[in-house]
Every structure is written in C-alpha cells, then in structure tokens.
Amino acid sequence: MKFHVMTLFPEVIDQSLNYSILKRARENGIIEIDAVNIRDYTENKHLRVDDYPYGGGAGMVMQAQPVVDCYRSIREKAGKDLRVIYLTPWGKVFNQQMARELAKEEELVLLCGHYEGIDERALDMIATDFVSIGDYVLTGGEMPAVIMIDCISRLVDNVLGNESSSEDESFSDNLLEYPQYTRPYDFEGHKVPDILMSGDHAKVAAYRKQCSIERTKKFRPDLLEKVKIEK
Ligand code: ADE
C-alpha cells in the first residue's frame, strides 16, 4: 500500500514512521510512504505558500496553487485519480472501522493543512474525504496523518508478523482487549489468574471474553450500547 502525504514538513512524516514494525514493512516494500513538500510546488519567488485571509481575521491561509499543483504531480505519477483525505478537526472522526475500509485502498493521499487551514477552492478541487482524529485542535495535519498511517498500515497483509495479530484486540468486536500477562507467574506477590495456567483453551477464551466485557463496561460503556444496537 502506498501513502502520499502532502505536507510542509515531510521530515516529520518520514521520521515518525521509521521505527519498529513500520520500518520493517517499509524496508520490505509492503508499505510505501511518499512525503511530498507542498512548498516545492509554489510559483511564488519567495517560496511563500500562505497569505492573509480574505474578509480579515487571525492567521494565514495556505494558498490553493501549490496545494493543487502538488496533487497534480502525485496524480500524474500514479496515473489515476486518487482518494485525497484532508485532515481537519471538522472531518468525520477516525476509528477502527474507517481504518479497515481505508486499508483496502492501494494508494491514498493525505493532505496536511497548517495555519488557519487551506483555501477552500483547493479542497473543492482535490479533496474526496475529510477526516478528524478526535474532538480537539492540533497545529497541523502531520500528527493526524502519522496516526492514520500507523493504524491503517498494521491492517495491511503481512505488515504484522506472526508475533502479533490485528484480530484479537480492542475494537475488533466493539469490545476492549482483555488483560495480558507474561512471566514471572508471581510478581511481588501479584499472581497470574489461575485459569490462564489451566491449559483449557475454551475456558481461557471464555474468561478473556468476560474480562473484555468488564473492561468495556468500566471504561467505554458507549461501545456496549453499539454492540446491543448492532445485534
Ligand atoms: N488538524 C488539526 N486538528 C486536527 C484533528 N483533530 N484531526 C485532524 N486534523 C487536524
């Protein structure tokens, strides 16, 4: 899967996704991350990419020209129109279900805004999706892009090795993940639940399911409401 990230800070994207599992996936060519500097496409001789907002108001607005031309160059390389996701606090809120859907795409473009946002005409011309990573405001779209790429990439085939799985984890059933334990059996007097030592797979599975339900009740009762509605 290939991610093109349109940004004023390509090094942030590159460095933030270059360790551990994603580093290996990039080295193996399973994931490709192409961070493109929007500034490289400005026609302004001082390399400006922003200007004052029409109508007044605080801050600066990213201009349409470099953003649209940056996308055009990505589209040309790809040889086809691509889904372009603009990261913005007013977008649809990202979740595991959205990640599963986006992981089916072969190529995605993530557009990171800065300052007070991007000239609306550029969004009208190129953006296909509007996504927020939560109800809070950040200084730019780079962190949201990194978070989305991390989350989507681990759902792509062969990114997670045998040592981890994306099936048995939080949100897979609208339930939170059950607690995990490893050696030693007794840590400073705190023992591992005996049922996990029993070797009885059915009992272990039932116990874990119960733990998931309890944890979800305690931390995210709203998810249990969803389970009821969907059933
Ligand atoms: N840009 C600034 N804040 C954001 C958020 N919460 N989600 C996505 N993009 C953003």
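### What about the domain arrangement of the protein?
- Assigned domains of the protein: these are domain 1 (2-153) and domain 2 (170-226).
- Using C-alpha coordinates to define each centre, domain 1 is positioned 37 Å away from domain 2.

### Observations concerning the nonpolar core
- Residues Phe94, Met148 and Ile152 are the most contacted members of the largest nonpolar core, which totals 30 residues.
- When residues of this core are traced back to their parent elements, those giving at least two are β1 (2-7), α2 (20-27), β5 (83-93), α4 (96-102), β6 (107-112) and α6 (142-153).
- Among the elements that line this core, the one with the most residues is α6, at six residues.
- Aside from chain neighbours lying at most four places away, what touches Met148 is Ile85, Leu87, Phe94, Leu102, Leu110, Val131 and Ile133.
- The next biggest cluster of nonpolar side chains, apart from the first, holds 22 residues, and it includes Val49, Tyr71, Tyr86 and Ile126.

### Concerning α2
- Residues of α2 that are buried: Leu22, Ala25 and Arg26. Here the buried residues of α2 occupy an arc of 100 degrees about the axis, which is enough to place them on one side. Along α2, the residues that are exposed and aim more than 90 degrees away from the buried face are Ser20 and Glu27.
- The inward-facing, buried residues of α2 abut α1 (10-16), β2 (32-37) and α6.
- Of the residues trailing α2, Gly29 is marked for its positive phi of about 75 degrees.

### Here's the deal with the sheet that holds strand β7 (residues 129-132)
- With parallel pairing, five strands are arranged side by side in an open sheet as β2-β1-β6-β5-β7. Of all the strands in the sheet, just β2 and β7 have a single pairing partner and so form its edges. With direction set aside, neighbouring strand axes in the sheet form an average angle of 30 degrees.
- Of the strands in this sheet, β1, β2, β5 and β6 touch helix α3 (residues 64-78), which is tilted by about 160 degrees from β1.

### Some remarks on unusual backbone geometry
- The residue after Arg183, namely Pro184, is reached through a cis peptide bond having omega 5 degrees.
- Along the polypeptide, Pro184 turns up in the loop between α6 and β8 (186-187).
- Positive phi values are uncommon outside glycine, yet Asn158 reaches one of about 75 degrees.
- On the secondary structure map, Asn158 appears in the loop between α6 and β8.
- For Asn158, a relative accessible area of 63% corresponds to the exposed category.

### So, the packing of aromatic side chains
- Tallied over the full model, the rule gives three aromatic pairs.
- Between Tyr86 and Phe130, the ring centres sit 6.4 Å apart and the planes meet at 90 degrees, which makes this aromatic pair edge-to-face. Linking Tyr86 in strand β5 with Phe130 in strand β7, this pair joins segments that are 44 residues apart in sequence.
- Judged by its relative accessible area of 29%, Phe130 is partly exposed.
- Pairwise contacts between aromatic rings join Tyr86, Trp90 and Phe130 into one cluster.

Rules used throughout
- Residues numbered from 1 in each chain as written.
- Predicted model: local features only at pLDDT ≥ 70, side-chain atom pairs only at ≥ 80, totals over all residues.
- Heavy atoms only, no water.
- Domains from an automatic or database assignment.
- Core = buried A, V, L, I, M, F, W, Y, C linked by side-chain atoms within 4.5 Å.
- Buried < 20%, exposed > 50% of the residue type's maximum accessible area, 1.4 Å probe, protein only.
- Helix = DSSP H or I, 4+ residues; strand = E, 2+ residues; numbered from the N terminus.
- Contact = heavy atoms within 4.5 Å.
- Arc of directions from axis to C-beta.
- Pairing = 2+ DSSP bridges.
- Axes fitted to C-alpha atoms, helices over the stretch in contact; angles between N-to-C directions.
- Phe/Tyr/Trp six-rings, centres within 6.5 Å; stacked < 30°, edge-to-face > 60°.

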